[in-house]
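So the chains spell out like this:
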Amino acid sequence: MAEGSSRLPSFCRHMNKADEFIMCIPDDAAFTLWGENKCPTNVDIITEDGRKYNVGISASKGKIFFFQGWSKVVDHLRLTIGCLVLFNPIDYATFKLTSFLDGVSHGTFWTFLLPPSSQFYVIPECILPKHYDYSSNDVIATVITDNITFNVLIKTFDGKVGFSAGIDVIVNQLRLNDGCFMFFTKSFGNFFHLKVFGKNGVEMKYSDVDVDEAEVAPLDAEDDDDEEINGGVKKFVRMAGEDHFRIPDPVSRMARLHEGLKDLTVRFSHLDPPLQITNGTRRERRERKGKVAFRYALTSWKKFLKAGMIKLHFIYSYWSGSLEPILDCSIRMEQPAITLLKNLNLNQDDYTIKVRIVRLWSRAAFNDSRKVYCYDMILMDEEGTKIQAFVLAKTAREYEHLLKEKQCLFIRNPSLGENRQKVKYVHISTKINLNTNAIVSVCDEPVGTEWGFDFSPFSSIVQDPTDDNKSFKSPIDVIGFVVKSFPYDLKEDTKDGKQEKKLTFLLQDLEGKQIYVTLWDAYAEQILDFERDNQDEKNVVVIVQFGKYRFWGGFLYVSNLYTVTRVLINAEIDDILTFKRRFLSNITPETSSTFSGLSASRIKDPTEEYLSDFEFSTIGSLNQISEKKFVIIVGTIKSFASEDSWFYNACRNCNRAVTTKTISKEKQDGSDGFEDIVVLECKDDGCNSKTVYSVPRIRVPIRVQDCTGIVTLTLFEREVVRVLKVNATQLLDKNLDLANEGNFPQELNALLNRKFAFKISIGSFNITKKSDGYSISKLTDNQTVIGELDKIFDVIQPVEEERVNAISSDIHAAVEVPVNDSVSRSKADDTPVSNFNKDMFKTPDEDVNGTSIRVLENDLKRNLDSIYDDDVMSSQSSTKPRKAGKEVVIDECVTAGLLIPKVEK
């Protein structure tokens, strides 16, 4: 590090964003350099590679800045936020600039002054000699600042080499405060030069400081608090290292160790009954100011700690001057300095955190699922800040019994790593590793709240207009009152062949805002178990902690993360009891009666939805229905209504169809006039308030036939993927390029001549337009369902019809006998069999009041009314002449198949 003039002060700056354009000069340095209001207009700045830059100086609001020309220095050295630059004045108008990359510049490195609890300063590997192994022996380094000499221990800790004991002496003697900058420059051997810069960035001078001379090495002055008791007893406080316990000089003299090494008797008075052992001593040689001196320490320190059951290294000791000298030790229960999780620093290695285990789960060993490989945790401090942590099971054996939820702990010296998980369980991007150096002990006082909830009001979760809503965000905690639940869904045709369980319900908060919550597998079963055991309970409050969320179709959906999410249902805890009491006090009995709670969540047989929940209809009777409802039909897919239309351009936000619209706007090149721009427009006005983006979605119009007629139905992407077991993205990518040439995906031909039971939606569009194009909500090829529904057709139209009212073959017979067709029936035609099925089959005329409808949904997401244009629907009618499908013409030469227009807000 370049040496500056003895008169002119050096100064440094830890760069922020503004410093890339204009660099502020500390007031104290400016005043010392130039006096008041006497600064030059320009100065020269010389970089380490010899480049010289002329930089203008500007003054504003009492501050002085490097301004014009400074950005060239920044660009040349590639300085960014977080870099540290050091200015050494050569004269009043010339500065030598040193920049630090990753805290190092040649033989110099810098660090902030750490808190007293963290007296371990890592020395970068590039500063240390390559040939020396610091892990084998501790080394005493000489640190010099302004001709004042200090001795500091260099030791190895957690695989890193750094300054340790002795730094505290420098801090005390020089009266350093937090926020100081310390620059260490490596000299020959283990000599280092130290420069200290204050919090304001200006170099501090210590030539006038009278440093206390210690009789022995500063190592022996660590927090020593000697007190003479009754002449023959010496009381002292000692912070012991992990591999040594050095004895203060007054005690070693009392023990006459300078006359010869001897064993010392050590008594641990804090144990019940007290434990007494014999421990050896060792002599350590040191040279100071040309004189040889010695200090003394106890040997077998780790054995000493184990014998005393010592976890904390703070010890009260008494030396007894009796005939049998005894070193009497007891634990000094001092409160360690606590570092908050928000203040964790990557440059800090020795620190203690006080936390509560909010969530705990384990991961099984790779080769044996019965064994635990590691424990994962979410820790929370007293301010509610959370961080993820983990520990290997083999590392945690000594404190494994302490690893349980709600346990409060002191954790000293954990390692801080990067959290690379794609799905984050907390907002902090780092992760704690409890390695072998971590010390874990019980904290008897509570830390934070019991459960660690951090609830988000529903209104505070706002949709980001620039977000594509394809992926979930996490984490989120919500609490709400269950106002409605939807039927439990069980899927058996998943990719891995396992059953997939899903349950959705609607939560309302105290502000009346509502969100959807979807839980999967074990969490869905938890809801079902509660509903089964509490069937009459309508007032249900649910907490979802550590969930994930996203917006879909303008609505907020919250779901569970696997393993870490916690779900509480009507639990007897203050948060739920208080919420329920406040919620019920704000609603009327009439409003409360409309809440169904979890009553709709029960598990249903897969056939119930098709055989009893909805009305059955033949295809021939669909056009007689005059109300919005779901109905069940059975038929065979005979053909595709159009081989030119098997996908559509969907709004990325709501999945509704988009169209193009031409608007005029000012030219982007700055010239006068307007230009026509083609933009996308969604059928949902809410989506048009921001930029509309489109994606292709599968939509296949099919022709389905039963014994009473044929109808056009629309099969959407979800059902196509489920029935054909194909990947939608691959299917689209493979065929989109050829779509405009009239090519039709061959994979879809597998749908032809297959028989299904269809749940279809009768929408307002079908009723008002008398259109027979219907949207498929769900379909199944379950043979039990189809077999039961086929029995209805056996009544309507027997498979083997005998001739009715047969007559002789006499060609002259003139008697006409009326013959009824197989579909038209009257009361006289009723049979016991037909009466048996009458409750399942009702024509629209017979069910005037709709009493057989179990479920009516007014908000089907993919209602044809919101997807098709009138002329498109008419072209798919089975009763009207078909019209040719319309093409979108963007200009005279280009016909749009897949819409890829300009995007305009």
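Keep in mind that what you see is a predicted model, and the values were worked out from it rather than measured.

**Brief notes about the side chain of Ser617**
Part 1 of the argument: Within the secondary structure, Ser617 is located in the loop between β39 (615-616) and β40 (629-640).
Part 2 of the argument: According to the relative accessible area criterion, Ser617 is buried, its value standing at 3%.
Part 3 of the argument: Beyond its immediate stretch of four places on either side in the chain, Ser617 contacts Leu622, Ile625, Val631, Ile632 and Ile633.

**Regarding the sheet that holds strand β12 (residues 148-157)**
Part 1 of the argument: Here 8 strands make up an open sheet; going across it, the order is β8-β9-β14-β15-β11-β12-β13-β10 and the pairing mixed. The strands lining the two open edges of the sheet, one partner per strand, are β8 (104-105) and β10 (121-122).
Part 2 of the argument: Sheet analysis places strand β11 (residues 139-145) next to β12, joined by 7 bridges and oriented antiparallel. Among the inter-strand pairings, Ile140 is bridged to a residue of β12, identified as Leu153.

**A word on the sheet that holds strand β25 (residues 352-364)**
Part 1 of the argument: Pairing within the open sheet is mixed, and its 7 strands lie in the order β29-β30-β27-β26-β25-β28-β31. One side of each edge strand has no neighbouring strand; the edge strands of this open sheet are β29 (415-418) and β31 (439-442). On average, each strand axis in the sheet is tilted by 40° relative to the strand beside it, whichever way the strands run.
Part 2 of the argument: In this structure, β29 lies alongside strand β30 (residues 430-433), joined through 4 bridges in antiparallel fashion. Bridge pairing links Glu418 to Thr430 in β30.

**Observations concerning the nonpolar core**
Nonpolar side chains in soluble globular proteins tend to be buried together.
Part 1 of the argument: Counting 34 residues, the largest nonpolar core has Leu622, Ile702, Leu713, Leu748, Phe758 and Ile760 as the members making the most contacts within it.
Part 2 of the argument: Listing elements by their share of this core, those giving two or more residues are β40, β44 (694-706), β45 (709-716), α10 (717-724), α11 (728-735), β46 (755-762) and β47 (773-780).
Part 3 of the argument: Not counting chain neighbours up to four residues away, the residues in contact with Leu713 comprise Ile633, Val700, Pro701, Ile702, Val704, Phe758, Ile760, Tyr774 and Ile776.
Part 4 of the argument: Formed by 30 residues, the second largest nonpolar core is a distinct cluster that contains Leu113, Tyr121, Phe150 and Val196.

**A closer look at the pairing of strand β26 (residues 372-380)**
Working note: regular strand, side chains alternate between the two faces of the sheet.
Part 1 of the argument: In terms of residue burial, β26 counts as a mostly covered element, since 7 of its 9 residues are buried.
Part 2 of the argument: Pairing analysis gives 8 bridges linking β25 to β26, with the strands arranged antiparallel. For Arg363, the partnering residue across the bridge sits in β26 and is Cys374.
Part 3 of the argument: The pairing of β26 with strand β27 (residues 386-392) spans 7 bridges and is classified as antiparallel. In the sheet register, Met377 faces β27, and the bridge partner there is Ala389.
Part 4 of the argument: Counted along the chain from β26 to the antiparallel partner β27, the turn is 5 residues long, and its residue Gly384 has a positive phi close to 90°.

**Some points on unusual backbone geometry**
Comment: phi is negative for the bulk of residues other than glycine, and the bulk of peptide bonds are trans.
Part 1 of the argument: Each neighbour pair has its own omega, and for Ser474 with Pro475 the value is -5°, a cis peptide bond.
Part 2 of the argument: With respect to the helices, strands and loops of the structure, Pro475 is situated in strand β32 (residues 473-485).
Part 3 of the argument: Residues other than glycine seldom take positive phi values, yet Lys725 does so here, at roughly 55°.
Part 4 of the argument: Mapping Lys725 onto the fold places it in the loop between α10 and α11.
Part 5 of the argument: What makes Lys725 exposed here is its relative accessible area of 63%.

The rules behind these values
- Residues numbered from 1 in each chain as written.
- Predicted model: local features only at pLDDT ≥ 70, side-chain atom pairs only at ≥ 80, totals over all residues.
- Heavy atoms only, no water.
- Helix = DSSP H or I, 4+ residues; strand = E, 2+ residues; numbered from the N terminus.
- Buried < 20%, exposed > 50% of the residue type's maximum accessible area, 1.4 Å probe, protein only.
- Contact = heavy atoms within 4.5 Å.
- Pairing = 2+ DSSP bridges.
- Axes fitted to C-alpha atoms, helices over the stretch in contact; angles between N-to-C directions.
- Core = buried A, V, L, I, M, F, W, Y, C linked by side-chain atoms within 4.5 Å.

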